[in-house]
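What follows is the residue order along each chain.
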Amino acid sequence: MQYRTLGRTGVQVSTLALGAMNLGPIGRTTQDEATALVGAALDAGINLIDTADAYGNGISEEMVGRAIAGRRDDVVLATKAALPMGEERNRRGGSRRWLVTALEDSLRRLGVDHVDLYQIHRWDPATSDEETLSALTDLRQAGKIRYFGTSTYPAHRLVEAQWAAREHHLGRYVTEQPSYSILQRGVEAHVLPVTQHYGLGVLVWSPLASGWLSGAIRAGREITTHRSTFMPQRFDPTVPANQARLDAVERLAGVADEAGLTLIQLALGFVTAHPAVTSAIIGPRTPEHLHSQLAAAGTVLDADVLDAIDAIVAPGVDLAPEEKYDTPPALLDPALRRR
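Residues numbered from 1 in each chain as written. Predicted model: local features only at pLDDT ≥ 70, side-chain atom pairs only at ≥ 80, totals over all residues. Heavy atoms only, no water.

(A) The arrangement of the pairing of strand β7 (residues 145-151) in detail. Taken across its seven residues, β7 has five buried, putting it largely inside the fold. Bridge count between strand β6 (residues 115-120) and β7: five bridges; the pairing is parallel. Its bridge partner lying in β7, valine 115 is registered against isoleucine 145. Each parallel crossover has a hand, and the one from β6 via helix α4 (residues 129-141) to β7 is right-handed. (Buried < 20%, exposed > 50% of the residue type's maximum accessible area, 1.4 Å probe, protein only. Helix = DSSP H or I, 4+ residues; strand = E, 2+ residues; numbered from the N terminus. Pairing = 2+ DSSP bridges. Right-handed = clockwise from strand over helix to strand, strands pointing away.)

This is the structure:
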């Protein structure tokens, strides 16, 4: 396992991080299975675990808490808030009112007195940067969080938040967690340059593109991955974007074979090769998934391999742009584009 400094914090984290979204109802894992996965990841040298209150409505956090009991000091523990936690309209977003409550709930579920990294899961257009940063700064001063960051923020919002922190003399975000893979490279054009400019640590999620780069999805085969069972439209080969991904996967598989790598090693080696990236978050559901992804821990791609990838999916290009999560709200809601 390799380690890198998380932004400018001085904290050393593994280049592969364990994402806990699949622990619980989303991945249909039991506590025993979750504990075994976490234990195996820690034994392999992974020291960063990332979860969120919204994963399984808190169940992922509970499972992570039980799994790390007795090993808390070995873990850089990250969680997130801001996505809805129930129907009540104020149990979401980036307000001080909610973040204080959400963090207490997360600490209780995790069974800890602090988290190392607390992230705003999505930008909340209804809440000012000053409001959110002020609450996070106070929670840090209270010792309940060590650092705070963002997840899937548009580049312009990252810049605005850095300005607000300086203008109002508040703590600043020190990390960003974008979606990034060979098949979704749009963040190279805007988000990653901003994170490099401000010295943010970058923890990328979905580096295997929701399973497209796992090796399980190939031309001529029925797609039967776990994700395809509850998001079938994202794997329907009659959809042009999906066919483009399938074509790219076939070409990438050839590049991997020629380099003596698995497709997983190629995919994880690609994202961790970018100088802006600190860690790639993997989200295994089974020990087999974990071991196949751990095999990429030391993968370093040669320049000719990276050039071959660029020839298949150009830098800065998203093959499925409609699946982006940092799209400005006005592009999704016509009312925001009209007076």
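(B) Fine view of the environment of methionine 21. When you line up the elements, methionine 21 lands in the loop between β3 (16-19) and α1 (31-43). The spacing of methionine 21 and isoleucine 264 is 243 residues in sequence and 19 Å in space, taken between C-alpha atoms. Discounting residues that sit within four places of it in the chain, methionine 21 has contacts with Ile26, Tyr55, Ser60 and Arg227. (Contact = heavy atoms within 4.5 Å.)

(C) Geometry of unusual backbone geometry. Positive phi values are uncommon outside glycine, yet alanine 82 reaches one of about 125°. Positionally, alanine 82 belongs in the loop between β5 (76-81) and α3 (96-110). The exposure class assigned to alanine 82 is buried, which follows from its relative accessible area of 9%. Positive phi values are uncommon outside glycine, yet histidine 169 reaches one of about 60°. Along the chain, histidine 169 turns up in the loop between α5 (155-167) and β8 (175-177). Since its relative accessible area comes to 73%, histidine 169 is described here as exposed.

(D) Broad picture of the packing of aromatic side chains. As enumerated under the stated definition, the model contains four aromatic pairs in all. For the pair tyrosine 153 and tyrosine 173, a centre-to-centre distance of 6.0 Å together with 70° between the ring planes defines the contact as edge-to-face. Of the two residues, tyrosine 153 sits in the loop between β7 and α5 while tyrosine 173 sits in the loop between α5 and β8, which places them 20 residues apart along the sequence. Given the relative accessible area of 3%, tyrosine 153 is considered buried. Given the relative accessible area of 2%, tyrosine 173 is considered buried. Seen from their ring centres, tyrosine 180 and phenylalanine 270 are 5.7 Å apart, and the 45° between their planes marks the pair as tilted. Of this pair, tyrosine 180 sits in the loop between β8 and α6 (191-198) while phenylalanine 270 is found in helix α9 (residues 263-273), placing the two residues 90 residues apart along the sequence. The pair formed by tyrosine 180 and phenylalanine 270 is uniform in burial state, with each residue classed as buried. The structure contains a cluster of three or more aromatic residues connected by ring pairs, namely Phe148, Tyr153 and Tyr173. (Phe/Tyr/Trp six-rings, centres within 6.5 Å; stacked < 30°, edge-to-face > 60°.)

Geometric descriptors of this kind do not, in isolation, establish any biological role.
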